[in-house]
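Fold and geometry: a report
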Amino acid sequence: KGERMANKRARNNSGAVNLALGDLNPKQKQFCQARSRYVGYGGARGGGKSHVVRIKAIGGAMTYPGIRILIVRREYPELEQTMILPMRKLIPQEVAVYNGSMHMFFFANGSTIKFGHYGTSDDDEYQGQEYDWIFMDEATQFTESQFRTLGACLRGATNIPRRMYLTCNPGGIGHLWVKRLFVSRQYRDGETAEDYTFIHATVDDNPQLLAASPEYVQMLDLLPDNVRNAWRFGDWDALSGSFFPEFTKKTHVMEPFWRIPAEWRKYRAFDYGLDMFACLWIAVDFDGRCYVYRELQQSGVIVSEAAKLMLDATPPWEHIEFTIAPPDMWNRQKDSGRSMAELFMENGVGIIRGSNNRVQGWMAVKELLKPLSGPQDRPGLLVTSNCQALISHIAAIQHDEKNPSDCAVQPHEITHICDAIRYFCVTRTLGAERVESPVPEDFEDAGMTDYDDEMTGGEMSEDYLEYGGG
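The structure presented is a predicted model; accordingly, all values stated were derived computationally and were not measured.

1. What to know about the overall build of the protein
When helices and strands are counted, the protein shows 17 helices and 17 strands. Relative to its full complement of 470 residues, the protein shows a buried share of 47%. Across the protein, every contact between residues at least 6 apart in sequence was considered, and the portion connecting residues at least 24 apart equals 68%. Carbon and sulfur atoms make up 50% of the accessible area of the protein, which amounts to about 24,000 Å² in all.

Below you can see the structure in the form of structure tokens.
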């Protein structure tokens, strides 16, 4: 079929035109031949992602007359350099004409390829539009919400198969959802495994690049270990996030407690919104080391329900020193004049105000992630393995693009539980205190009986010799 071929012959009203698009390597051929609704390609850098997108899009436009194709990237200048300019060189005008103001190729057979950008505030631009094929270039730069918004545009009245093609590398705000769907293949209700195909490609699968730039592999090999594993080999566990590179499962995750010592002080910290209520339970030991030992996440709960969830998850024998809440809980509602802090307290949860200084808070988290000085070379903050959301999200959260000292607020769904641990770490808490019963210095003069004397009756006396009758 035409869409499977690298060198294609286009037929239109002006006759036959030879169109040489270049060769495909085996991994690129797999991508072009995949028939799942969602097809992912990449993993490592240098795998030939941009080239195969150009070929696949042009081939589809020539194979299916009237097809509507969208190629989208987060920023338009990147799209222009990697897609539009190279495709304008590949496609002769007798096959398709490019309209710069509309950012579209118009093919003689009625097909179109549109180029668009999709930033964090462009949701309305794509709602209601219809496309047969959509290409998300560098998909890990998009949120899952943006992916689903574009997916809803795959519709129309024609018999053309609806497909979405994604290229991606580890890292970025979309790392988690791309990894979940295409690499880990962990599906939720309504998602079907058969809809997702992933072709893992590295620079070693791209002989054209290896021949043209042999130094590229050497450059990748000289990168730091975690970056090299991600960019060179496409390891999706190597570069989950970049704001907390010090956090690793090996160092910071431990087995759950069988029983937490009663003497340790225990706290709760939470972040609240209708989209997500996230709460953490943290114990502090005698050395000031903190242990996150329980977590709770649930969306769509009102304040009274959130308070009940928090109390139900706390055993009655567990004494909580105090609960730390986000400062916006004290904002008064316009309609009632009451605050959510009041509602929490009325529902049995007393709370204190956490600091909203984000940079200071994240630095406090980083400080606790470092090893504490002392005989035990362990971090100041440990997480038990049953707290999967915190483990996953703190490893995935990234730097803010404009303020490298702050965390990114996208993807929003991973920020709530990270904010909860931030509120705890920036709040002054107390560690456990050892309660000892000191022995008085004047022990022998304090009216206390010596152990040996008590057990043997003391020194032998005349009474002792006459005991029982003389």
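2. Considerations on the side chain of Asp137
Along the polypeptide, Asp137 turns up in the loop between β8 (133-136) and α5 (144-151). You can call Asp137 buried: its relative accessible area is 2%. Of the polar contacts made by the side chain of Asp137, one reaches the side chain of Thr167; its length is 2.6 Å.

3. Side note on unusual backbone geometry
For Glu138, which is not glycine, the phi dihedral falls at a positive 60°. Summarising the element assignment, Glu138 is placed in the loop between β8 and α5. With relative accessibility at 17%, the residue Glu138 sits in the buried group. Non-glycine residue Arg185 carries a positive phi angle of around 55°. Among the secondary structure elements, Arg185 is positioned in the loop between α6 (175-183) and β10 (196-201). The partly exposed category is assigned to Arg185, whose relative accessible area is 36%.

4. Points about the sheet that holds β8
Sheet architecture is open: 8 strands sit in the order β5-β6-β7-β4-β8-β9-β3-β10, paired in mixed fashion. Looking at which strands have only one partner, the edges of the open sheet turn out to be β5 (96-99) and β10. Going across the sheet, the axis of each strand differs from the next one's by a mean of 15°, ignoring polarity. Pairing between strand β3 (residues 38-43) and strand β9 (residues 163-168): 5 bridges, direction parallel.

5. Observations concerning the pattern of salt bridges
In this structure the tally under the stated criterion is 26 salt bridges. Between Lys308 and Asp312 there is a salt bridge whose closest N-O contact spans 2.7 Å. Residue Lys308 and its partner Asp312 are both found in helix α11 (residues 303-312); the two are separated by 4 residues, about one turn of the helix. Residue Lys308 shares its accessibility class with Asp312, and that shared class is exposed. Here Asp406 and Arg358 are joined by a salt bridge, their closest N and O atoms 2.9 Å apart.

6. Here's the deal with the sheet that holds strand β14 (residues 290-298)
Taken together, the 7 strands give an open sheet; going across it, the order is β11-β17-β14-β13-β12-β15-β16, and neighbouring strands pair in mixed fashion. Where the open sheet ends on each side, the last strands, each with one partner, are β11 (253-254) and β16 (351-353). Two elements, strand β13 (residues 277-284) and β14, share 8 bridges in a ladder whose sense is antiparallel. Bridge pairing in β14 places Phe277 opposite Gln298. Against the sheet, helix α14 (residues 388-396) touches β11, β13, β14 and β17 (381-384), its axis set at about 95° to β14. In the packing of helix α15 (residues 415-426) onto the sheet, the strands contacted are β12 (265-272), β13, β14, β15 (323-325) and β17, and the crossing angle to β12 comes to about 135°.

7. A short note on helix α13 (residues 358-369)
The terminal C-alpha atoms of α13 lie 17 Å apart, and with 12 residues this matches the ideal 16 Å at 1.5 Å per residue to within 8%. Among the residues making up α13, those that are buried are Gly361, Trp362, Ala364, Val365, Lys366, Leu368 and Leu369. Check the buried side of α13 and you find it contacts α10 (249-252), β14, β17, α14 and α15. Near the N-terminus of α13, the side chain that reaches the backbone nitrogen of Val359, with its oxygen 3.4 Å away, is that of Asn357.

8. Side note on the environment of Glu255
For Glu255, the position within the fold is in the loop between β11 and β12. What makes Glu255 exposed here is its relative accessible area of 59%. Residues Glu255 and Tyr293 lie 38 residues apart in sequence; the distance between their C-alpha atoms is 9.4 Å. If we ignore the near neighbours within four places in the chain, the residues touching Glu255 are Thr384 and Ser385.

9. Section: the pairing of strand β6 (residues 104-107)
Moving residue by residue along a regular strand, the side chains alternate between the two faces of the sheet. By the bridge criterion, 4 bridges tie β5 to β6 in an arrangement that is antiparallel. Considered in β6, the bridge of Asn99 is made with Met104. With 3 bridges joining them, β6 and strand β7 (residues 112-117) adopt antiparallel strand pairing. Within the sheet, the bridge partner assigned to Met104 lies in β7 and is Lys114. Where β6 hands over to β7, the hairpin turn is made up of 4 residues, of which Gly110 adopts a positive phi near 95°.

10. Description of the nonpolar core
Ranked by size, the top nonpolar core spans 38 residues in total, and within it Ile71, Met87, Phe105, Phe107, Ile113 and Phe115 carry the most contacts. Here this core gets 7 residues from one element, more than from any other, and that element is helix α2 (residues 49-63). Every residue in contact with Ile113, bar those within four places of it in the chain, is listed here: Ala57, Ile58, Ala61, Ile69, Ile71, Met87, His103, Met104, Phe105 and Phe107. Tyr267, Ile391, Cys418 and Phe424 belong to the second-largest nonpolar core, a separate cluster that totals 35 residues.

11. Considering the pairing of β3
Of all the 6 residues making up β3, 6 are buried; the element is thus mostly covered by neighbouring parts of the structure. Relative to β10, β3 runs parallel, the two sharing 6 bridges. For Tyr41, the partnering residue across the bridge sits in β10 and is Ile199.

12. What to know about the state of the cysteines
Taken as a whole and assessed by the stated rule, the structure comprises 0 disulfides. Unpaired in this structure, Cys418 has its nearest cysteine sulfur neighbour in Cys407, at a distance of 6.8 Å.

13. Topic: the confidence of the model for the protein
Taken as a whole, the protein shows an average pLDDT of 85; of its residues, 86% reach a score of 70 or greater. Segment residues 1-15 is flagged for pLDDT under 50; beyond a separation of four residues in sequence, or across chains, it makes 46 contacts in the model. Low pLDDT, under 50, characterises residues 443-449; the stretch is placed with 2 contacts to residues that sit more than four places away or in other chains.

Parameters and conventions
Residues numbered from 1 in each chain as written. Predicted model: local features only at pLDDT ≥ 70, side-chain atom pairs only at ≥ 80, totals over all residues. Heavy atoms only, no water. Helix = DSSP H or I, 4+ residues; strand = E, 2+ residues; numbered from the N terminus. Buried < 20%, exposed > 50% of the residue type's maximum accessible area, 1.4 Å probe, protein only. Contact = heavy atoms within 4.5 Å. Areas by Shrake-Rupley, 256 points an atom, 1.4 Å probe, with all protein chains shown as cover. Polar contact = N/O pair within 3.5 Å; in protein donor to acceptor, adjacent residues only side chain to side chain. Pairing = 2+ DSSP bridges. Axes fitted to C-alpha atoms, helices over the stretch in contact; angles between N-to-C directions. Salt bridge = Lys/Arg side-chain N within 4 Å of Asp/Glu carboxyl O. Expected span 1.5 Å × (residues − 1). Core = buried A, V, L, I, M, F, W, Y, C linked by side-chain atoms within 4.5 Å. Disulfide = S-S within 2.5 Å. pLDDT = per-residue confidence, 0-100.

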